[in-house]
Amino acid sequence: MVIVSMVEDGTPLLVRYTGPVVSVSSDPVLLLRVDRDDPLALHEQLERRLREDVRSGRLAAGDPLPSTRTLAASLGVSRAVVTEAYSQLAAEGYLSMRQGAPVRVAAAIRAQEPQQPARSLLPRMAYDLRPGVPDLAGFPRAAWVRSLRTAWRDAPSDALGEGDPRGHPELRRTLAAYLRRARGAAADSEQTLVSGSFHETFSAVCRWLRSTGVRRVAVEDPGWHPHRLAIDHAGLDVVGVPVDHEGLCVDALAETGASAVVVTPAHHFPTGVTLGARRRAELVAWAEREEGLIIEDDYDGELRYDRGAVGALQGLAAERVLYLASTSKRLAREVGIGYALAPSWLTWPLTEALAVEAGGGGGVTQLALRDFIERGELDRHLRRSRVAYAARRAALVDALARRLPSARLTDAPAAGLFVLATLPEGTDDAALAARAAEAGVAVEPLSLHRYTAGPAGLVLGFAAEAEPSIDRAVALLADCAGGA
Ligand SMILES: Cc1ncc(COP(=O)(O)O)c(C=O)c1O
């Protein structure tokens, strides 16, 4: 083995290693140097370089290293420096050191592949018409920063540690009052639970259902496909229940044998229909008869543009409905708070299931959200959003009528962050969405959210782009669809 060490001025100094028998196929070359001006201690410099050589494969499993004396002399450092570096690397498993034998690269070491450059799973596209994206550019940063600052200034020190697993009591009180007022919910702060997102609570409840012996959970068909993924991940069977112009078909639900059902009553994803009053009553009757659980996903309940928002189903049957919502559509995912209203009998098991995750919704952020709501900022932001979204929705509807007349909008109220456009029979909506992505327009195909075959379509978000961009995006989409 040949060691090339360098002294500070960079002059290479060749040191021939003549240790005991070595079984190396070729003569690896160690490029070692230490720099006395480097703030890092000499032994750490040596460790880093040797570690790097082992990782990259320049030093392979079984390669011998020079004795501490030889290397110390070649580098002009004390033997203690080399001994310390070798011992550290031996403790980490890179080198093996045995009495009377040369230090070697550990036998189990395999060179590591060079890393691929990091690749985003969500490439940024020129136009974002995905259905779940709010107007992130319109996020009320100044007001949020003010609430964050207040929360950091005033938070008691225990808010920085592990708090009540249900969430900070003050936020729970504020949320319960907000949900009574804004969503007509039967909210009690003792049964209000805070987490990091809708998903966190939903996954926790799925796991809890499974632990109680539940086997099957029903979802809307079509329905938001992450519902299906989360249920599936919890090891439960998922069964789709058709949705018509009044929402979930409760008769069909009754035939599934499911013990729980996930619904989006205020604004069905992805058709946009509202669960009608008759169906609401039927659904509650189903839950009472079957002792079933209704999981209400109220992801965008306050965002209604043609009339006042329809209240939460939970208000009708607080002991049968688990209400779930989050700040993702109302503000932004980054705020990172999910909240739930649990039936009294489910509050403790769900708290336990959430505590296992020890998940999101940090204490100070919770107090910031409380401040934000108490100051009226959430109401103000939602009022502004409703005006902006109504205009963007109108721009999308108009652009589709002019540029893609073959797309038919479902007869749904003006609400939420998306519209559903169905496409002529025989259209492959997934292929169209892929072509749109290549053209720089992000959309979701309806087939992604289906369990059974049905008409093709696109779920088109309108909240994230301003009106002129919506028009340009639809023009590109029309090109991809062949102009139709
Ligand atoms: C129907 C529906 N439910 C729930 C959520 C998710 O909320 P969170 O971001 O809090 O997990 C979304 C977000 O896209 C959604 O579209």
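Before reading further, recall that the structure is shown in the block above.
The structure displayed is predicted, hence computed values, not measured ones. (Residues numbered from 1 in each chain as written. Predicted model: local features only at pLDDT ≥ 70, side-chain atom pairs only at ≥ 80, totals over all residues. Heavy atoms only, no water.)

**Student:** Please explain helix α1 (residues 42-56) as it appears in this structure.
**Tutor:** Because each turn of an α-helix spans 3.6 residues, side chains separated by three or four positions end up pointing in the same direction. Between the first and last C-alpha of α1 there are 21 Å, a value that for 15 residues agrees with the 21 Å anticipated at 1.5 Å per step. For α1, every residue scored as buried is listed here: H43, Q45, L46, E47, L50, R51, D53 and V54. Once α1 ends, the next one or two residues include G57, with phi positive near 95 degrees. (Helix = DSSP H or I, 4+ residues; strand = E, 2+ residues; numbered from the N terminus. Expected span 1.5 Å × (residues − 1). Buried < 20%, exposed > 50% of the residue type's maximum accessible area, 1.4 Å probe, protein only.)

**Student:** Is there a simple way to think about the side chain of D297 in this case?
**Tutor:** Assignment of secondary structure puts D297 in strand β12 (residues 293-297). In this structure the side chain of D297 is engaged in a polar contact, spanning 2.9 Å, whose partner is the side chain of H227. Those residues in contact with D297 that lie beyond four places of it in its chain are F198, W224, H227, V263, T264, P265 and L324. (Polar contact = N/O pair within 3.5 Å; in protein donor to acceptor, adjacent residues only side chain to side chain. Contact = heavy atoms within 4.5 Å.)

**Student:** Looking at this structure, I do not really get helix α10 (residues 344-357). What am I missing?
**Tutor:** The terminal C-alpha atoms of α10 lie 21 Å apart, and with 14 residues this matches the ideal 20 Å at 1.5 Å per residue to within 8%. L346, T347, P349, L350, T351, A353 and L354 are the residues of α10 that are buried. Where α10 is buried, its residues contact β7 (192-195), α6 (198-211), β12 and β13 (321-326).

**Student:** Would you mind showing me how to read the site of the ligand here?
**Tutor:** Near the ligand, the surroundings consist of S197, F198, H199, W224, F269, D297, Y299, S326, S328, K329 and R333. The contact in question runs from an oxygen atom of the ligand to an N or O atom on the side chain of S328, over 2.6 Å. Within the side chain of R333, a nitrogen or oxygen atom sits 2.6 Å from an oxygen atom of the ligand. Taken by itself the ligand offers 400 Å² of open surface, and the protein chains cover 96% of this. Here the residues of the shell around the ligand are counted per class, giving four nonpolar, four polar and three charged. (Near = heavy atom within 4 Å. Areas by Shrake-Rupley, 256 points an atom, 1.4 Å probe, with all protein chains shown as cover. Nonpolar A, V, L, I, M, F, W, Y, C, P; charged D, E, K, R; others polar.)

**Student:** Whenever I open this one, the sheet that holds strand β18 (residues 444-445) confuses me. Can you help?
**Tutor:** Strand pairing in a sheet relies on backbone hydrogen bonds. The paired strands run either parallel or antiparallel. Overall, antiparallel pairing links the four strands, which are arranged β15-β16-β19-β18 in an open sheet. Two strands close off the open sheet at either side, each with one partner strand: β15 (408-409) and β18. Relative to strand β19 (residues 457-461), strand β16 (residues 418-422) runs antiparallel, the two sharing five bridges. Looking across to β19, one finds that T422 is bridged to G457. In the packing of helix α13 (residues 429-438) onto the sheet, the strands contacted are β18 and β19, and the crossing angle to β19 comes to about 40 degrees. (Pairing = 2+ DSSP bridges. Axes fitted to C-alpha atoms, helices over the stretch in contact; angles between N-to-C directions.)

**Student:** Is there a simple way to explain the sheet that holds strand β9 (residues 237-244) in this structure?
**Tutor:** An order of β7-β14-β13-β12-β11-β8-β9-β10 is seen for the eight strands of this open sheet, with the pairing classed as mixed. The open sheet is flanked by β7 and β10 (247-248), the only strands paired with a single partner. Note that strand β8 (residues 216-221) and strand β11 (residues 260-263) share three bridges and pair parallel. Bridging from a neighbouring strand, A218 pairs with V261 of β11. Contacting β7, β8, β11, β12, β13 and β14 (338-341), α6 runs over the sheet at an angle of about 165 degrees to β12.

**Student:** What am I meant to see in the environment of S328 here?
**Tutor:** Its location among the elements puts S328 in the loop between β13 and β14. Setting aside residues up to four positions removed in sequence, S328 forms contacts with P134 and R333.

**Student:** How do you make sense of the packing of aromatic side chains when you look at a structure like this?
**Tutor:** When we look at a pair of aromatic rings, we describe it by the centre distance and by the angle of the planes. In total, this model carries six aromatic pairs according to the counting rule given. Aromatic side chains W144 and F372 sit 5.6 Å apart centroid to centroid with 75 degrees between the ring planes, which places their arrangement in the edge-to-face category. In this pair, W144 is assigned in helix α4 (residues 141-154) and F372 in helix α11 (residues 363-374), connecting sequence segments 228 residues apart. When the ring of W208 is compared with that of W345, the centres are 6.4 Å apart and the planes differ by 45 degrees; the resulting orientation is tilted. Note that W208 is positioned in helix α6 and W345 in helix α10, a separation of 137 residues in sequence. Judged by relative accessible area, which is 36%, W345 ranks as partly exposed. Grouping aromatic residues by their ring pairs yields a cluster made of F198, F202 and W224. The lysine or arginine in question, R228, covers the ring of Y451, its NZ or CZ lying 4.2 Å from the ring centre. (Phe/Tyr/Trp six-rings, centres within 6.5 Å; stacked < 30°, edge-to-face > 60°. Lys NZ or Arg CZ within 6 Å of the ring centre and 35° of its normal.)

**Student:** What's the story with the nonpolar core in this structure? I'm lost.
**Tutor:** Burial of nonpolar side chains together is a common tendency in soluble globular proteins. Of all hydrophobic cores here, the largest spans 62 residues; its most connected members are L179, L369, L396, V443, L458 and L460. Among all residues touching L396, those that are not within four sequence positions of it are V419, L460, G461, F462, I470 and V474. Formed by 27 residues, the second largest nonpolar core is a distinct cluster that contains F202, V217, I295 and L324. (Core = buried A, V, L, I, M, F, W, Y, C linked by side-chain atoms within 4.5 Å.)

**Student:** Can you walk me through the pattern of salt bridges in this structure?
**Tutor:** Under the defined criterion, the tally for this structure stands at 27 salt bridges. With a closest N to O distance of 3.1 Å, D164 and R166 form a salt bridge. For D164, a relative accessible area of 30% translates into the label partly exposed. A salt bridge links E170 to R370, with the nearest nitrogen and oxygen atoms 3.3 Å apart. Of the two residues, E170 sits in helix α5 (residues 169-183) while R370 sits in helix α11, which places them 200 residues apart along the sequence. (Salt bridge = Lys/Arg side-chain N within 4 Å of Asp/Glu carboxyl O.)

**Student:** Where do I start with unusual backbone geometry in this structure?
**Tutor:** Residues apart from glycine generally show negative phi values, whereas peptide bonds are mostly found in trans. Here the residue pair D221 and P222 is connected by a cis peptide bond, since its omega of 0 degrees sits within 30 degrees of zero. Structurally, P222 can be placed in the loop between β8 and α7 (225-233). Between F269 and the following residue, P270, the backbone shows a cis peptide bond with an omega angle of 5 degrees. Within the element layout of this structure, P270 appears in the loop between β11 and α9 (277-290). Backbone geometry at E291 places phi at a positive 55 degrees, although glycine is not the residue there. When its relative accessible area of 64% is taken as the criterion, E291 is described as exposed.

Treat this as a map of the structure, not an account of what it does.
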